[in-house]
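Residue strings, one per chain:
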Amino acid sequence: MRRYAQVCGVVSVVVLALSGCATLPGDSEPQVLHQYERSRVAEEPVGPEKGQEPDLLLKSFFSQSANPTQMHQAARLYLTDEAAAAWDDSKGTTILRSIEDISSTVSNDPNRIVFTVRGEEVGRLTTGGVYELEDGRFEEEYKLVRVNGEWRIESLPAGVVVERSTFRNNYQPYDLYFFEPTGRMLQGDRRWVYNQQTAVDTTLIRMLTNGPRDSLKPGVITDLKPEAVYSGTRDGVHVFTGVDAVDDKQLNRIAAQVVWTLEAAKVQGPYKLEVDGVLLDGDGAGLTTEDFAEYNPQGSLGSVNSLYALTDGRLHLVTADSASPVNNGLTGIESASIASSSGFLGVVTKEQEDKSVLRMGPLDGPFTKVLEAQTLSRPSFEYGGSAMWTVVDGKQIVRVTRSSESGELSQSIVQAVPFDELDKPISVLRVSTSGVRVAAIVDNHVYVGTVARPTPAERRIANMREIAPGISGTALSLDWQNDGSLLVGTNSPDSPVVRVEPDGAAVKIEPSVNLTAPVVAVASTSSTMFVTDARSMRQLPNNSGSTSFWREVPGLQSRRAAPIVPE
């Protein structure tokens, strides 16, 4: 493969003089990077305004708390010397929708005042820039005292508190990349970094060596273990030691993880790596994501790159100005999915009032009957198209695999204890492009989980949690987008289509000027969103303005149709 010719084929052992590897320029020993530690301070914090009133000083303190530089030095200027020395900012960052109230308690001492701060918790930022959803109430006391005529905070709870708007204004999301268990594709792991960080590459690579977030660990692999040490750059080369890679395949995967992570973060490339003395530099020209294109985290378009639609019980191919039936002999189709890499079709047909049948085969047939039940959810393919998932009668998740050698189909039950505990029907189930994550709608609530693989043939859903609580009770349809976010259709007139960020940090309401809820089907490509509202199937370019107009899909005007984008 071209990757090995450019990467592993040019691996060369670098023999270093002892004096050359004993130290690095300006750094005698690799240092542990604490949460969002900056390599230098962009500007000195100014501290509180002179004569600032206590409630305004407290609000300014919360604003300055978004700056994590030097253990929140800017925020500590608002504390007394004793409180600044004692404040433990290592307990993570609580993110409030807003500070709803700052109310004071009557005090007999004119030089002291106690404020109670209240708000709604929506998230938490933990070590390594991991955003976690929270749903609760925040209520804590902050005690202030006059010091030399100026108000300062003398007592406060451990941890950092910021408002969501302040957080979004001061932190930038980036993706780290780890491999799905077969090593064929990369999976993003979203992290947040302070936007005044002056060494983003260093921060991201050290996060990468520390491994995936806990909730993602069961579903990914990495050859950059925590024992590995990233020592920074030397003459433009990113230097790693203690990796102990055993073969060229591991070296190649390490390079792919680093290069995709840096390029996605818009860190200037090409990139050169040195791993335990082995130079990976692409024949001296440096490495880019083109050298690792087969690991593309957004997947490969494969053999099928078209828009299809399900209307009148038949599958149609949608072109620039028409929709033509796919002549495969299937009618009465309830739902369908197409594997982009193999071109195979998974299709559910209604045979009787209380019987649905799942079939699988090439787009133009023939098809093999897989299973039947009273209800079957729309099938969802894993990456590679050799396996698909469906939900039987709203309860049991079944995985169907197709042998690449014999074409024989087999079934297995996906262990789904978290869904079993909900004890409510699963109406929608979609596996992500990489096969690492799964999203579902249960009782109109959206849940996401990680797909663990106890053995190569087994699947288990782990670390499931509700995402996007702001649309709870309204979700009707969903699908994964190329960037790892979710596109969700709802029954809400105010937010018929929303985009949910991969970690749930935000829910964006997509333009809705001419949409009519309910939105019962959604799909997307890298450039366009497709939805089915109460009237017809419509399309809109990604990232359109809030007043943008959804157009009917040519060839399907005034027809109820469900969009199908090969996955």
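Within any chain, residue numbers begin from 1 and follow the written order of that chain's sequence. Totals for whole chains, interfaces and linings use every residue, but because this is a predicted model, local features are given only for residues with pLDDT of at least 70 and side-chain atom pairs only at 80 or more, for both listing and counting. Derived side-chain values reflect all non-hydrogen atoms in the structure, with water molecules and hydrogen atoms excluded from consideration.

The test is simple: UniProt positions are given in the numbering used here, feature names are shortened, and annotations may be inferred rather than shown by experiment.
The protein carries the name Lipoprotein LpqB in an unreviewed UniProt entry, which gives Corynebacterium pyruviciproducens ATCC BAA-1742 as its organism. In its Sequence similarities (unreviewed entry) section, the UniProt entry covering the protein states "Belongs to the LpqB lipoprotein family." According to UniProt, the comment filed for the protein under the heading Subcellular location (unreviewed entry) is "Cell membrane".

**Things to note about the sheet that holds strand E4 (residues 130–147)**
Using the following cut-off: Strand pairing is assigned whenever DSSP identifies at least 2 bridges connecting the two strands. A helix here means a DSSP run of H or I that spans at least four residues, while a strand means a run of E at least two residues long, and both kinds are numbered starting from the N terminus. A fitted line through C-alpha atoms serves as each axis, taken over the contacting stretch for helices, and the angle formed by two N-to-C directions is quoted from 0 to 180°.
Sheet architecture is open: five strands sit in the order E5-E4-E3-E2-E6, paired in mixed fashion. What marks the edges here is a single partner per strand, and that holds for strand E5 (150–155) and strand E6 (160–163). Each strand axis lies, on average, 45 degrees off the axis of its neighbour in the sheet, ignoring direction. Pairing of strand E2 (residues 93–105) with E6 involves four bridges; the strand directions are parallel. Counterpart to Leu96 in the pairing with E6 is Glu163.

**As for the sheet that holds strand E23 (residues 409–413)**
Across the sheet, four strands lie side by side as E20-E21-E22-E23; this open sheet has antiparallel pairing. Only two strands of the sheet have a single neighbouring strand rather than two, namely strand E20 (380–381) and E23.

**Some points on the pairing of strand E16 (residues 333–338)**
Going by this rule: For the exposure calls, accessible area comes from a 1.4 Å probe over protein chains only, and a residue counts as buried if that area is under 20% of its type's maximum, exposed if over 50%, partly exposed in between.
A large share of E16 lies buried, amounting to five of its six residues. The pairing of E16 with strand E17 (residues 344–352) spans five bridges and is classified as antiparallel. Counted as the bridge partner of Ile333 is Thr349 from E17. Turn length for the E16-E17 hairpin, with the two strands adjacent in sequence and antiparallel, is five residues, and the turn residue Gly343 shows positive phi of about 75 degrees.

**What about the domain arrangement of the protein?**
Accessible area lost during the coming together of the parts is what is often quoted as the interface size. So the rule is basically this: As used throughout, domain bounds are those supplied by an automatic or database domain assignment. For this analysis, residues touch if any pair of their heavy atoms sits within 4.5 Å. Here's the idea: put two parts together, see how much 1.4 Å probe accessible area each one loses, and the total over both is what we call buried area.
When its domains are assigned, the protein resolves into domain 1 (54–169), domain 2 (171–295) and domain 3 (307–564). Using only C-alpha atoms to locate each centre, domain 1 and domain 2 end up separated by 35 Å. Taken residue by residue, the interface counts 12 residues in domain 1 and eight residues in domain 2. Summed over both sides, the interface of domain 1 with domain 2 buries roughly 980 Å², with 55% coming from carbon and sulfur.

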